[in-house]
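Each chain, written out:
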Amino acid sequence: MATDTKGLSRELEGKVLRIYFQDGEIAEVKLVHFGLHENCPFGDEYAGIVYDVIKTNRPEIYKVDPATCAFWIDFQHIGKFELIDSQQTTDH
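Here the structure is a predicted model, which is why all the values come from computation and not from measurement.

Caption draft 1: Examining the environment of Ile 78 more closely. Position of Ile 78 among the secondary structure elements: in strand 5 (residues 78-83). C-alpha of Ile 78 to C-alpha of Ile 49: the two residues are 29 residues apart in sequence and 10.0 Å apart in space. Apart from residues no more than four positions distant in its own chain, Ile 78 is found in contact with Lys 6, Leu 8, Ile 19, Tyr 20, Phe 21, Gln 22, Ile 49 and Ile 73.

Caption draft 2: How the structure looks around the pairing of strand 2 (residues 26-35). Relative to strand 2, strand 1 (residues 16-21) runs antiparallel, the two being bridged by 5 bridges. Within strand 2, the position partnered with Arg 18 by the bridge is Glu 28. Turn length for the strand 1-strand 2 hairpin, with the two strands adjacent in sequence and antiparallel, is 4 residues, and the turn residue Gly 24 shows positive phi of about 100 degrees. Sheet topology note: the strand 2/strand 3 (residues 48-56) ladder contains 8 bridges and is antiparallel. Note that in strand 3 the partner of Ala 27 across the bridge is Thr 56.

Caption draft 3: How the structure looks around the packing of aromatic side chains. Per the counting criterion, the structure on display carries 4 aromatic pairs. The interplanar angle of 35 degrees and the centroid separation of 6.1 Å between the aromatic rings of Tyr 51 and Phe 71 together place this pair among those described as tilted. Of this pair, Tyr 51 sits in strand 3 while Phe 71 sits in strand 4 (residues 70-74), and the two are 20 residues apart along the sequence. What makes Tyr 51 buried here is its relative accessible area of 4%. Here Tyr 62 and Phe 71 contribute two aromatic rings whose centre-to-centre distance is 4.8 Å and whose plane-to-plane angle is 65 degrees, an arrangement assigned as edge-to-face. Here the aromatic residues Phe 21, Tyr 51, Tyr 62 and Phe 71 are joined through ring pairs into a cluster of three or more. When the ring centre of Tyr 20 is taken as origin, the NZ or CZ atom of Lys 80, which lies over that ring, is 4.7 Å away.

Cut-offs and rules
Residues numbered from 1 in each chain as written. Predicted model: local features only at pLDDT ≥ 70, side-chain atom pairs only at ≥ 80, totals over all residues. Heavy atoms only, no water. Helix = DSSP H or I, 4+ residues; strand = E, 2+ residues; numbered from the N terminus. Contact = heavy atoms within 4.5 Å. Pairing = 2+ DSSP bridges. Phe/Tyr/Trp six-rings, centres within 6.5 Å; stacked < 30°, edge-to-face > 60°. Buried < 20%, exposed > 50% of the residue type's maximum accessible area, 1.4 Å probe, protein only. Lys NZ or Arg CZ within 6 Å of the ring centre and 35° of its normal.

Nothing here speaks to function; it is geometry throughout.
Next up, the structure:
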């Protein structure tokens, strides 16, 4: 089964995005790594992104200061994103 990447791709690595997460968080992030492994023996749940948080509407959900480390999120937990530079929205 193909993984739904929500429109995200390796070409966006290094870019600043606004991500609307399924849990209601809206965060501006820098995309550090796009992780998609075709035919991964561990399943599709090991596909997602690594990102640095620039700002978030829900800092209380982080167990550490979000400015101090990078985070991983599976694609399934992303609702949509916008590329900050162009304000182009991708809904899924």
